[in-house]
Amino acid sequence: MLRKLFKAGSLVFLGILLGRLSGFFRESVLATNLGITNQADIAVLILTLPDLLINILIGGAMGAALIPEMKQLGQKEAWRLFLQSSVLICAFFSLLSIVLIMSASYIVTIFAPGFSIEDIQVTSHLLVIVSWSIPITAMTAVATSFLQANNKFFTAALGTLIFNLTIITALLFPSENKLSILSYSILLGAVIRYVSQVINSVSMYERTNVWNGMLVHKQLILKYFQALATGGLIFLLPVIARIIGSYEGTGSQAMINYSNKFIELPLGAILTVFPVVLFPKLSQLFSNQETEKQGISIARESLRLVFILSVVMAISLSWFSLDFIKALFGQGSIPGESIKKIAYLTSLGLLALPAQGMSAMTQVIFNSKSDMKSPFYISLWAVIVYLLLASVLQPRFSIEGVIVALVIVNWAVLISHLIVLRIKHSLDLYSIFLGMASLKVLCASAAAFVPIAYLSVKISHNWFVGVIFALVGGTISLLASLIILKEYREYLFQLLRRRKLHD
């Protein structure tokens with residue numbers, strides 16, 4: 001079953017990877033045109049604020065509420081729930097957009113306290129345009145949930161790619177007012193993404209009277225708000241980092257943003273694929289006592305794989321962070337010293353990658369267990385602690401203190417998840433990365449990477465060669481991590497034997 005799920009995951013991986021890569025190209029285009037300036041900070045903000053609201057108010061909550069419900073309903077009822085949810089969500093988030101528009105200047109002041117009065121006025125005007133993308137994106141989340149409930153993961157995963165390509169295409173047109181073009185392209189990208197999801201959903205159309213019986217019931221709404229409270233708060237952490245970082249002056253928000261975007265590539269394109277694919281199945285398995293053990297087994301194995309992958313990527317990407325940052329952002333107007341600073345911030349931030357990847361997986365386990373309260377309280381605690389810790393470290397260690405605080409809190413969140421899962425749900429998952437097997441993985445991955453690291457120091461190279469070194473070193477490190485564990489070693493050898501017999 002796990003192999004079948006991973007086959008489906010490969011399509012999700014491809015779709016998300018394309019979306020993340022296009023996101024990096026988008027950031028690269030922005031960096032090339034705007035560099036480390038006040039305009040770059042404004043661009044980051046108008047991209048961040050809608051994303052923040054969407055992550056907090058939609059995020060995975062829409063899927064957590066709708067996917068299990070749609071899986072239980074017949075095709076006709078699921079289609080009716082899709083339509084009813086779309087209408088209600090559109091109405092609610094349209095009202096929210098109006099409120100956001102009316103208070104745009106106040107919101108900009110809160111999220112960018114270091115902005116000048118002129119920058120606040122410019123950003124507020126652009127935010128009015130971008131705000132209308134919020135109800136469209138909310139409806140897109142409903143369509144995505146419907147597609148995932150029908151096991152159409154790849155189609156749903158292409159949404160980000162479509163959105164980013166729209167923005168990139170608009171930014172490539174020559175214009176003196178890049179910020180205005182950016183704001184309108186965000187709105188246009190949201191529209192095109194929504195239309196693409198709806199077109200793919202229409203293939204499952206069932207003729208029905210939409211309002212013949214309300215399927216959006218009280219329990220479904222309650223489940224949505226519980227999932228909302230659970231996952232939404234954790235998205236505040238990088239936003240708070242940028243807010244506190246804005247006190248460092250012009251370009252500080254942009255540098256933190258570029259660093260975070262790089263870390264989000266492996267996190268979003270690889271590590272969070274497991275939660276996306278596994279959630280519908282784990283929800284089904286954990287709902288029945290007879291299949292619960294199978295669900296636990298799949299959850300443990302997935303968490304182990306996330307741990308292995310995240311450790312390997314953290315080592316490889318951290319060592320070659322300067323080469324990657326040069327490749328992504330060094331071709332434009334960003335000064336060399338700023339490139340080095342972004343690379344250093346990235347290396348620090350990558351220390352949290354294993355914690356972030358495994359936290360995404362444990363979050364899915366909580367959702368599958370219908371336990372929304374526990375991770376909510378953990379997330380709330382994390383936001384409060386981070387706000388205090390980052391505020392203390394930033395004056396002493398500048399932007400680096402903001403990132404270090406982020407690393408500490410991410411690991412604290414993971415540890416809290418694992419402790420609560422053990423106490424409340426009798427799930428012993430922390431042994432996956434605290435046992436001897438995890439120590440073997442750490443030693444094997446590091447030892448296998450040492451020769452590549454040594455060559456990179458001894459051989460003078462440009463960023464392209466550095467990226468190749470990173471990919472080769474990461475692959476060798478991953479193979480060493482898998483071979484050191486008996487179950488994966490035997491599985492790899494079986495694959496080799498099958499291939500030899502086939503040849």
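Going by the structure above, here's the rest.
Residues numbered from 1 in each chain as written. Predicted model: local features only at pLDDT ≥ 70, side-chain atom pairs only at ≥ 80, totals over all residues. Heavy atoms only, no water.

### Thoughts on the overall build of the chain
Of regular secondary structure, the chain possesses 23 helices and 0 strands. In the chain, which comprises 503 residues, the proportion classed as buried is 54%. Restricting to contacts in the chain with at least 6 residues of sequence separation, those with at least 24 account for 83%. Here the chain displays about 22500 Å² of accessible surface, and carbon together with sulfur accounts for 65% of that area. (Helix = DSSP H or I, 4+ residues; strand = E, 2+ residues; numbered from the N terminus. Buried < 20%, exposed > 50% of the residue type's maximum accessible area, 1.4 Å probe, protein only. Contact = heavy atoms within 4.5 Å. Areas by Shrake-Rupley, 256 points an atom, 1.4 Å probe, with all protein chains shown as cover.)

### Remarks on the packing of aromatic side chains
One pass over the full model with this rule turns up 9 aromatic pairs. Geometrically, the ring pair formed by Phe-320 and Phe-469 is stacked, given 6.2 Å between the ring centres and 15° between the ring planes. Of this pair, Phe-320 sits in the loop between helix H15 (292–319) and helix H16 (321–329) while Phe-469 sits in helix H22 (residues 463–483), and the two are 149 residues apart along the sequence. An identical accessibility class is assigned to Phe-320 and Phe-469; each is buried. Counting every residue linked through ring pairs, the aromatic cluster contains Trp-79, Phe-82 and Phe-146. Geometry around Phe-163 places Arg-193 over its ring, the cationic atom sitting 4.4 Å from the centre. (Phe/Tyr/Trp six-rings, centres within 6.5 Å; stacked < 30°, edge-to-face > 60°. Lys NZ or Arg CZ within 6 Å of the ring centre and 35° of its normal.)

### Section: the environment of Gly-245
Structurally, the position occupied by Gly-245 is in helix H12 (residues 236–245). For the pair Gly-245 and Ile-256, spaced 11 residues apart in the sequence, the C-alpha separation amounts to 7.5 Å. Not counting residues up to four positions away in its chain, the partners in contact with Gly-245 are Ser-252 and Ile-256.

### Thoughts on helix H19 (residues 373–425)
Note: α-helices contain 3.6 residues per turn, so residues at a spacing of three or four share the same orientation. The terminal C-alpha atoms of H19, which comprises 53 residues, lie only 13 Å apart, well short of the 78 Å expected from a rise of 1.5 Å per residue. Phe-397 marks where H19 bends most, by close to 150°. Note on H19: the residue one or two positions beyond its end, Ser-426, has a positive phi of about 55°. (Expected span 1.5 Å × (residues − 1). Bend = angle between axes of the 7 residues up to and from the residue.)

### Brief notes about the side chain of Ser-438
Turning to its location among the elements, Ser-438 is positioned in helix H21 (residues 436–458). With a relative accessible area of 2%, Ser-438 lands in the buried category. Contact partners of Ser-438, with chain neighbours within four places excluded, come to Phe-307, Ser-431, Ile-432 and Phe-433.

### Some details on a nonpolar patch on the surface
Taken together, the side chains of Trp-463, Phe-464, Val-465, Ile-468, Leu-471, Val-472 and Ile-476 present a nonpolar region at the surface, about 590 Å² in accessible area. For Ile-476, the position within the fold is in helix H22. Look at Ile-476 and you get partly exposed, because its relative accessible area is 38%. (Patch = residues over 30% accessible without salt bridge, like charges linked within 9 Å, V, L, I, M, F, W, Y side chains within 5 Å. Salt bridge = Lys/Arg side-chain N within 4 Å of Asp/Glu carboxyl O.)

### Section: the pattern of salt bridges
Counting across every chain of the model gives 3 salt bridges. Residue Glu-301 is joined to Arg-304 by a salt bridge in which the shortest nitrogen-to-oxygen separation is 3.9 Å. Of this pair, Glu-301 and Arg-304 both sit in helix H15, 3 residues apart, roughly one helical turn. We classify Glu-301 as partly exposed; its relative accessible area is 22%. Relative accessible area serves as the criterion here: at 15%, Arg-304 is assigned to the buried category. Here Lys-341 makes a salt bridge to Glu-400, at a shortest N to O gap of 4.0 Å.

### Some points on the packing of H15 against helix H18 (residues 353–368)
Direction vectors running N to C along H15 and H18 enclose 160°, while the axes themselves pass 8 Å from each other. In terms of their interaxial angle, H15 and H18 are classed as roughly antiparallel. In the packing of H15 onto H18, the handedness of the crossing is right-handed. Facing Ala-299, Ser-302, Leu-303, Val-306, Phe-307, Ser-310, Val-311, Met-313 and Ala-314 of H15, the residues of H18 in contact are Leu-353, Pro-354, Gly-357, Met-358, Met-361, Thr-362 and Ile-365. A class-by-class count of the residues in the contact of H15 with H18 yields 12 nonpolar, 4 polar and no charged. (Axes fitted to C-alpha atoms, helices over the stretch in contact; angles between N-to-C directions. Parallel < 35°, antiparallel > 145°, perpendicular 65-115°, else oblique. Left-handed = near helix turned anticlockwise from the far one by under 90°. Nonpolar A, V, L, I, M, F, W, Y, C, P; charged D, E, K, R; others polar.)

### Here we look at the packing of helix H6 (residues 117–130) against helix H10 (residues 178–202)
At a minimum axis separation of 8 Å, H6 and H10 run at an interaxial angle of 20°. The angle between H6 and H10 falls in the class roughly parallel. With respect to the hand of their crossing, H6 and H10 are arranged in right-handed fashion. Seen from H6, the contacting residues are Val-122, Leu-126, Ile-129 and Val-130; seen from H10, they are Leu-179, Ser-180, Ser-183, Tyr-184, Ile-186 and Leu-187. Taken together, the residues that form the contact of H6 with H10 break down as 8 nonpolar, 2 polar and no charged.

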